[in-house]
Amino acid sequence: MAYDPAELKLPAWLLLLLDRLICVSLPLFPCWKLSFSRPGVVFVAGLIGVWAAALYSGNNLLYLCGAMLLALLWVGLWQGVQLLGRVVLPVFPQLQAASVYVMRRQQEGLFSSPCSGMVQLEGLFGREKLKLNALCYGDTLLWYGRFRIQDRGLYPCRQLQLTTAAPLGLFFVRCLRQVTLELVVLPLPIAWFPQFHSPDNHDSKTPGDAWHDLRAYIAGDSPKLIHWRKAQAEPDSWSVKRFTSSDGIQHHHCLKLDLRLPAGMPLVAFEKLMGQAWFWLKKQSGSKHAQLYIGSQRYDLCHDADYQQAVHALAMAEPGLGGIAAVDGVILSLCNDAA
Amino acid sequence: MMPPESSLAVLDARTEHLTLAVLLCGVASLALSDFVAPIYWSLPVVAALLRLWRGSSMQLTEMQASFIGWAGFLWVAIEILFGRALVVAFTDFLLILALAVVVELPTVRNHLHRMLVGLFLLLAAAVLTDSVLYVFPLLAMAWFLYRASGCLYAAGLAVDAGGATVNLPATSLRKDLYAVLLVAVIAALLFTLLPRFEFHSLLSARQPHLASSGFSDSVRLGDFGRQVDTTVVMRVEPLERNKASVNQFKQYLLKRYWRGVALSHFTGVGWRRTKEKHHQLFLKGRDIAISAASGMSVVLYREAISHAYILWPDGLLALHTLPGNVEMDGLGVLQFERAPDRRERLYMDVAMQSHQQLEMRPPLSDESDKSHIPNKLSAWVTATAGRGTAVEKLARVIDTLKGWRYDLNTSVDSVHPLAYFLTNKRGHCELYATTLALAARTLGLPSRVVNGYARGEWNEAGGFLMIRQLHAHSWVEVWLDDHWQRMDATPADHYQSSYLNFPRLDQLWESAKLSWYRYVLEFSGADRMGLLQQLWHSLKQLAPWLGLCLVLSIILIVVVKQIKRIWRCWKQQKNQLWPLLDRWLLAHGIKRAQSQPLRTLPLPQDVGKSQWLAFVRAWEQQAYGVDLPWLKRDLKLHLKQLRPRKE
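Residues numbered from 1 in each chain as written. Chains lettered and ligands numbered in written order. Predicted model: local features only at pLDDT ≥ 70, side-chain atom pairs only at ≥ 80, totals over all residues. Heavy atoms only, no water.

The helix and strand inventory of chain A stands at 7 helices and 15 strands. The buried share of chain A, taken over its 339 residues, is 50%. Put simply, 67% of the contacts in chain A that link residues at least 6 apart link residues at least 24 apart. (Helix = DSSP H or I, 4+ residues; strand = E, 2+ residues; numbered from the N terminus. Buried < 20%, exposed > 50% of the residue type's maximum accessible area, 1.4 Å probe, protein only. Contact = heavy atoms within 4.5 Å.)

Put into structure tokens, the structure is as follows:
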């Protein structure tokens, strides 16, 4: 709050009273509520005083002042409502479990803000409460926030609350928007390489094999594959070598994920398995032939929809009893050596 | 969320001018009041100008500024002890406080102080001024208050978004202008629609009294009607504002006499009003019915003049809904119990023909008293009147007087004013009227002098009659045929000289003032009901057209929206970059799957690797909003730059 009656050195009891008053929410429309900020309460109290004086005295200039101040309040309210009505919701990113995600996303040209202001977005995603803020000005919407979700999973959200004090800071307008959102929290990718595709094996089996092109670096890629001569400080500029010999191997494009958790094995191991599967899945993005079997469920990763379904399935996957598909491919499973 | 230092700097830069402007709007509104001495309102204005000029070097700490506030408080307390009105003393204090907050260190608290003091000043001015110019600081206040509040709100929202501090820019001027226009429209609607409860308290609008000599119980010759004072004292207009009523008004009411005080007792150097035994008191809100004849209804806006007399025209039929208690004596003098300290609106019915006269009592001894008539005047009357009946003789006196010269600049002898006048044969209306009245008495006809206004000036721009101080006039009432009959011996030059040619701009200004009085200051519950009824009536009449307009507007809005949507789709399709890029990729041996990012594609044929990587990076920068989005021509340009290069 930029300006506060506390700045005016009001007595403590008055500030306490203001705090009580700002807790009062007034229904505006269905799903819309209005409450006043501290300066708003003072403003409204002053406005009531002006109107009382105007009505008592019949002084038309006081009527005019009261009407002007009331109109100011209404127009401010209208602009706040307009702002909340127009805000375009952000696309929520895929998060990584137990990691802090700092979001800063600027959208331009998607909406026209009736005034400059900040919109706060709150939503209950599963059991997690997430908050985001947006600065709105002109046709720009800058979403920023910081999330951290501990566990992998798919977190659905059915209702979002948008709040703003724009444009005057005198009141808070709140609205509830019914949405169908899912926040995908994926495990930490853990780099691994199938036996026949391991860089070590690659080096030993195809010594001197030349790489034929470069692709952009993806988090989790082996440092040995990075073309360091071309690399600069930022990971964005890194490129990863692609070898001709590895193109010939087709069967590693099929991964079979075994969801069975051997008895006595901790759940952490299962999460690691998911991390490895996610690493592999990330690498297959855009692949023409890749297939993923999660349990017996098959996903053709060349199709976008299937790829997304696979990502969702990976986020939701839990230890199960189902077997694995009887097709060629790399099996990723947990094995209890002690058993 | 606490604003960081950089944000505070921005706050200072943006809000300094806005909050100063809010404060100055309040000062400007109060400066319009005649009750506030210029020295008080000029203090904060000069300080603000110095503040703008000298910047932060012209500032005091909060403690130092508070000393100014306390000094002002003490000063005002002394003023009250010396008899200054409480409301005015309070505004003096507010203005000294305004000086303190102008020179105070610009903190958030200071900005709040400025806004609050500015608002208080505006509200105080609502009580102490009624100038039409008040609308300018009011509108300016709406604008600056809106901007300043928005600015203070935005200043607290400097955020650390993704590692970079972002200050919320102010809303664009255009959008705020729309908002403030909406504020003005809503304020006008609220002002019109809200009910009025008039209790008339301390907060009622006040108006300084216009000084006016000659309208009192005792008038010295030479004190009345000698100055060319252009101050408007009354504005009269037909109640119904249609063309027929205005034309009727112009035809019948422009050249009337407006009767004020009747003076019967001549003292030798002036006139004194005779105390009447019988008065009739009419209470506030009642009507005074004088005659039942039909006439036209007019509204008279009487300024707060220093006298209490109600000026009424020939042919007055009735006065409606009196704004205060009114006394009427046997001479037809209408008078408020005390001079109102604000403008009053009087509703009158006036006969079309001016000969319709109020019944007045017969003459008393004062109206025939010859004790102070100068000998020189008696001799002059005898010499001038000749032979015949008293009426014929009086007619000759009038003819003779009308042949003399009307002159406002001729001095009036304080001891023997009439003798001096008869010698010089020039003077102003008061001398002509006095001479005629005394001549009538010499001839045995009871008479008296009446001070009032004659004619007036038609305002073409606003369609109303303006009566200025320079239209003040004296005439005579003579008892003839059992009636008091008006006689005017003032030469015709008087009317020519009183009709000064005022520029068109002055007429427009006076018209604006009357509109302000009519629609703002004097807007009452009855006006509101009348306006609503008129609107309802108009609405019923125009209903078919309004319905048609509504349907057409809806159709137009739908059509425009559709056209806009089609245009947007077409533009989006035109500006879609992927099809173009995919065609280029195919031409270079790459087939991209749907939604496949560029960075996962192999190197296109005939393209250098570093160039391709740079292209992909640039593409992503624009796609994710870091850089400006590309148009088709931008993409074509980038693709052209992808030339083969040896690695």
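Additional details are given in the paragraphs that follow.
The subject of this paragraph is the interface of chain B and chain A. With 72 residues of chain B in contact, the opposing surface of chain A contributes 67 residues. Approximately 6,000 Å² of surface area, both sides summed, lies buried where chain B meets chain A, with 68% of it carried by carbon and sulfur atoms. On the chain B side of the contact with chain A, Tyr146, Tyr153 and Arg599 of chain B bury the most area, a combined 11% of that side's loss. Between chain B and chain A we count 0 salt bridges in total. At the boundary of chain B with chain A, the tally comes to 14 residue pairs in polar contact (both at pLDDT 80 or more). Counting only elements with at least two residues in the side of chain B that touches chain A, the list comes to helix H5 (108-128), helix H6 (135-155), strand S1 (159-161), helix H7 (173-193), helix H14 (504-521) and helix H17 (609-623) of chain B. For the side of chain B that touches chain A, the element with the most residues is H5 of chain B, which contributes 10 residues. (Buried area = accessible area lost by both parts, 1.4 Å probe. Salt bridge = Lys/Arg side-chain N within 4 Å of Asp/Glu carboxyl O. Polar contact = N/O pair within 3.5 Å; in protein donor to acceptor, adjacent residues only side chain to side chain.)

Taken together, Lys561, Lys564, Arg565 and Arg568 of chain B make up a surface patch of like positive charges. You can see Lys561 of chain B is positioned in helix H15 (residues 525-574). (Patch = residues over 30% accessible without salt bridge, like charges linked within 9 Å, V, L, I, M, F, W, Y side chains within 5 Å. Areas by Shrake-Rupley, 256 points an atom, 1.4 Å probe, with all protein chains shown as cover. Lys, Arg positive; Asp, Glu negative; His and termini not counted. Charge placed at Lys NZ, Arg CZ, Asp CG, Glu CD.)

Okay, the sheet that holds strand S20 (residues 457-459) of chain B next. All names here are of chain B. Here we have 7 strands laid out as an open sheet, ordered S9-S13-S16-S10-S4-S21-S20, and antiparallel in their pairing. This sheet does not close on itself; its edge strands, each paired only once, are strand S9 (288-289) and S20. Two strands pair when backbone bridges link them, and S20 and strand S21 (residues 464-468) are joined in this way by 3 bridges, in the antiparallel orientation. If you follow Asn459 over to S21, its bridge partner there is Phe464. Contacting strand S4 (232-238), strand S10 (295-302), strand S16 (344-351), S20 and S21, helix H8 (residues 243-253) runs over the sheet at an angle of about 85 degrees to S10. (Pairing = 2+ DSSP bridges. Axes fitted to C-alpha atoms, helices over the stretch in contact; angles between N-to-C directions.)

Mapped onto the secondary structure, Glu522 of chain B falls in the loop between H14 and H15. Buried and unpaired, Glu522 of chain B has no salt bridge, with Arg342 of chain B as the nearest side chain of opposite charge at 4.3 Å. Sequence-distant contacts of Glu522 of chain B, that is, excluding residues within four places in its chain, are made with Asn60 of chain A together with Tyr301, Arg342, Arg343, Arg345, Tyr517 and Asp527 of chain B.

Residues and elements named next belong to chain A. Going through the model one piece at a time under the given rule, you end up with 23 aromatic pairs over all chains. Ring plane angle 85 degrees and centroid distance 5.6 Å describe the contact between Trp51 and Tyr63, whose orientation is recorded as edge-to-face. One end of the pair, Trp51, is in helix H2 (residues 38-57); the other, Tyr63, is in helix H3 (residues 60-86), with 12 residues separating them in the sequence. Exposure remark for Trp51: the relative accessible area of 13% places this residue in the buried category. (Phe/Tyr/Trp six-rings, centres within 6.5 Å; stacked < 30°, edge-to-face > 60°.)

Residue and element names in this part refer to chain B. Strand order across the open sheet formed by 4 strands is S8-S14-S15-S11, with antiparallel pairing between neighbours. Edge positions in the open sheet fall to strand S8 (279-282) and strand S11 (309-310), since each of these has one partner strand only. Taken together, the 4 bridges between S8 and strand S14 (residues 326-329) define a ladder with antiparallel strand orientation. Each residue of the ladder has a partner; that of Leu281, found in S14, is Glu327.

A separate point is the nonpolar core. Counting 136 residues, the largest nonpolar core has Met68 and Phe125 of chain A together with Tyr134 and Trp516 of chain B as its most contacted members. Here the element with the most residues in this core is H3 of chain A; it accounts for 17 residues. In contact with Met68 of chain A, not counting residues within four places along its chain, are Leu122, Leu138, Met141, Ala142, Val183 and Ala187 of chain B. Counting 88 residues, the second largest nonpolar core, distinct from the first, contains Leu401, Phe421, Leu422 and Leu480 of chain B. (Core = buried A, V, L, I, M, F, W, Y, C linked by side-chain atoms within 4.5 Å.)

Residue and element names in this part refer to chain A. The element strand S7 (residues 140-149) is extensively covered by neighbouring structure, given that 8 of its 10 residues are classed as buried. Here 10 bridges tie strand S4 (residues 99-108) to S7, and the two strands are oriented antiparallel to one another. Each bridged residue has a counterpart across the sheet, and for Glu108 the counterpart in S7 is Thr140. Taken together, the 5 bridges between strand S6 (residues 128-137) and S7 define a ladder with antiparallel strand orientation. By the bridge assignment, Tyr137 is partnered in S7 with Thr140.

Once that is clear, we can look at unusual backbone geometry. Of note, the bond from Ala166 of chain A into Pro167 of chain A is cis; its omega dihedral lies within 30 degrees of zero at 0 degrees. One non-glycine residue with positive phi stands out, namely Cys31 of chain A, at about 75 degrees. With respect to the element layout, Cys31 of chain A can be found in the loop between strand S1 (26-29) and strand S2 (32-36). The backbone of Arg455 of chain B shows a phi angle near 65 degrees, a positive value even though the residue is not glycine. Tracing the backbone shows Arg455 of chain B in the loop between strand S19 (447-454) and S20.

Residue and element names in this part refer to chain A. Structurally, Arg152 is set in the loop between S7 and strand S8 (153-164). Judged by its relative accessible area of 14%, Arg152 falls in the buried class. Side-chain polar atoms of Arg152 contact the side chain of Glu271, separated by 2.9 Å. Of note is the side chain of Arg152, whose polar atom sits 2.9 Å from the backbone oxygen of Ala315. Excluding anything up to four places from it in sequence, Arg152 contacts Ala97, Val185, Leu186, Pro187, Phe270, Glu271, Met274, Leu314, Ala315, Met316 and Ala317.

Our focus in this paragraph is the environment of Gln159 of chain A. Residue and element names in this part refer to chain A. Tracing the chain through its elements places Gln159 in strand S8. For Gln159, a relative accessible area of 37% gives the class partly exposed. For the pair formed by Gln159 and Arg177, sequence separation is 18 residues and the distance between their alpha carbons is 5.6 Å. Discounting chain neighbours no more than four positions away, the residues touching Gln159 are Glu122, Gly123, Leu124, Leu176, Arg177, Gln178 and Val179.

One frequently used descriptor of interface size is the decrease in accessible area upon assembly of the parts. Residue and element names in this part refer to chain A. Domain boundaries assigned for chain A yield domain 1 (1-186) and domain 2 (195-332). Residue-level contacts link 8 residues of domain 1 with 11 residues of domain 2. Of the roughly 780 Å² buried between domain 1 and domain 2, counting both surfaces, carbon and sulfur atoms make up 59%. Considering only the side of domain 1, the residues that lose the most area to domain 2 are Arg152, Leu154 and Leu186, jointly responsible for 69% of the buried surface there. Across the contact surface, domain 1 and domain 2 share 1 salt bridge. A salt bridge links Glu271 to Arg152; the nearest nitrogen and oxygen atoms lie 2.9 Å apart. Joining domain 1 to domain 2, the criterion identifies 5 residue pairs in polar contact (both at pLDDT 80 or more). Sort the elements by how many residues they give to the side of domain 1 that touches domain 2 and strand S9 (residues 171-186) lands first, with 4 residues. Residue composition of the side of domain 1 that touches domain 2, by class: 4 nonpolar, 2 polar and 2 charged. (Domains from an automatic or database assignment. Nonpolar A, V, L, I, M, F, W, Y, C, P; charged D, E, K, R; others polar.)

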